[in-house]
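Spelled out, the chains give:
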Amino acid sequence: MAARTAQITKQTELLRDANSNLVREIGERRTVETRLRELVEHAPDGIFVADLDGRYTDVNGAGCRLLGYTREKLVGKTIMDLIPAEDIDRLRQSRVQLLQGATHVAEWTLRRKDGAYLPVEVSAKILPDGRWQGFVRDISERRQAAERVRQSEALFRLLLESAGEGIYGLDTEGRCTFVNEAALAMLGYTREELLGRATHPLVHHTHADGSVYPAEQCPIHAALCTGAAARGLVELLWRKDGSSFPAEYSVQPVREANLDNGAIRGAVLVFRDVTEAQALAHRLSFQATHDALTGLVNRQE
């Protein structure tokens, strides 16, 4: 009898210990789940969980704020309720990729509660239990910034092409990075023939007396190496067909973040053909120093 009682007592203690361990494990698991929920709720991006039919089973606070719904209103909706009709076929293709184990990252458009459409970036994958999980980020500001850059580039291109002077840009190796139509017309090259190529061997290689013009002695080279700007210089530029013309040019180094002491990123050269200006200056000088009837010198220059 005493042995039986001892056995029951021992079994009771074992059950009590097992129960205590179970209670502790449940408590620890709840603590972990609470912390995970807090992390999910404080995440800056929307986090959406859906079943394989695309029906939302959970969503965090950021996701609710993103679309303007309460959690109760979002849970139960399908992904198709929130995307434009034209994206449904694309969604089906995405689902095939996900089922093959891929992580899908792409830009989508979601419809908010107020009917407005929101551009978002979605990173989605299928969880081990078969549910979908998507991290959703509002990219409205990124889209707006990209549009501002596009408009700025369009304005730059408009100004570049409307200028009467030739303009081209160089990288730190002296290679052409952009060139306007006026420069192409004066130099006789196509844009494809200049872009990516060093310009000194093409258009600035020889002095007026026929001697070689070393790149190291060129003010354009100095702008790239030392950051020294040059203005109002007159030198020959050479066309693709081998002819040349006198050009007045200025070169300005381009620095990192537009800082005076920033790293040099390249240079911009602006030039104009001064052939007619030089001819006019010569005629005026001749008229000023020669008799109009005889053509003889009437005074010293």
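Attention here is on the structure that accompanies the text. (Residues numbered from 1 in each chain as written. Predicted model: local features only at pLDDT ≥ 70, side-chain atom pairs only at ≥ 80, totals over all residues. Heavy atoms only, no water.)

1. Section: the sheet that holds strand S7 (residues 176-179)
Thought 1: Reading across from one edge, S7-S6-S10-S9-S8 is the order of the 5 strands in this open sheet, with antiparallel pairing throughout. Taken across any chain shown, the strands that pair with only one partner, and hence form the sheet edges, are S7 and strand S8 (230-238). Adjacent strand axes in the sheet meet at a mean angle of 30°, parallel and antiparallel pairs treated alike.
Thought 2: Pairing analysis gives 9 bridges linking strand S9 (residues 244-255) to strand S10 (residues 264-273), with the strands arranged antiparallel. (Pairing = 2+ DSSP bridges. Helix = DSSP H or I, 4+ residues; strand = E, 2+ residues; numbered from the N terminus. Axes fitted to C-alpha atoms, helices over the stretch in contact; angles between N-to-C directions.)

2. Structural notes on the pattern of salt bridges
Thought 1: As enumerated under the stated definition, the model contains 16 salt bridges in all.
Thought 2: For the salt bridge of Arg142 with Glu121, the shortest nitrogen-to-oxygen distance reads 3.3 Å. Of this pair, Arg142 sits in helix H5 (residues 140-162) while Glu121 sits in strand S4 (residues 117-126), placing them 21 residues apart in sequence.
Thought 3: What makes Arg142 partly exposed here is its relative accessible area of 41%.
Thought 4: A residue is classified by how much of its surface remains accessible, and Glu121, at 25% relative accessible area, is partly exposed.
Thought 5: For Arg157, the salt bridge identified is with Glu161, shortest N-O distance 3.2 Å. Placement of both Arg157 and Glu161 in helix H5 is noted, with a separation of 4 residues, approximately one turn of the helix.
Thought 6: Since its relative accessible area comes to 35%, Arg157 is described here as partly exposed. (Salt bridge = Lys/Arg side-chain N within 4 Å of Asp/Glu carboxyl O. Buried < 20%, exposed > 50% of the residue type's maximum accessible area, 1.4 Å probe, protein only.)

3. With respect to a nonpolar patch on the surface
Thought 1: A cluster of nonpolar side chains, Leu155, Leu158 and Leu159, forms an exposed patch at the surface whose accessible area comes to about 310 Å².
Thought 2: For Leu159, the location among the structural elements is in helix H5. (Patch = residues over 30% accessible without salt bridge, like charges linked within 9 Å, V, L, I, M, F, W, Y side chains within 5 Å. Areas by Shrake-Rupley, 256 points an atom, 1.4 Å probe, with all protein chains shown as cover.)

4. Some remarks on the packing of aromatic side chains
Thought 1: Considering all chains together, one arrives at 3 aromatic pairs under this definition.
Thought 2: Ring geometry for Phe48 against Tyr56: centres 5.3 Å apart, planes inclined by 55°, an arrangement best described as tilted.
Thought 3: Residue classification places Phe48 among the buried positions, given a relative accessible area of 5%.
Thought 4: For Tyr56, a relative accessible area of 8% gives the class buried.
Thought 5: When the ring of Phe156 is compared with that of Phe178, the centres are 5.5 Å apart and the planes differ by 85°; the resulting orientation is edge-to-face. Pair noted here: Phe156 is in helix H5 and Phe178 is in strand S7, with a separation of 22 residues, a long-range link.
Thought 6: For Phe178, a relative accessible area of 18% translates into the label buried.
Thought 7: A cation sits over an aromatic face here: Arg90 above Trp108, 3.8 Å from the ring centre. (Phe/Tyr/Trp six-rings, centres within 6.5 Å; stacked < 30°, edge-to-face > 60°. Lys NZ or Arg CZ within 6 Å of the ring centre and 35° of its normal.)

5. With respect to the environment of Arg231
Thought 1: Looking at the secondary structure, you find Arg231 in strand S8.
Thought 2: The sequence separation of Arg231 and Phe271 amounts to 40 residues, and the corresponding C-alpha distance is 9.9 Å.
Thought 3: Sequence-distant contacts of Arg231, that is, excluding residues within four places in its chain, are made with Tyr249, Ser250 and Gln252.
Thought 4: Among the polar contacts listed, one links the side chain of Arg231 to the side chain of Gln252, at a separation of 3.1 Å. (Contact = heavy atoms within 4.5 Å. Polar contact = N/O pair within 3.5 Å; in protein donor to acceptor, adjacent residues only side chain to side chain.)

All quantities given are derived from atomic positions and should not be read as evidence of function.
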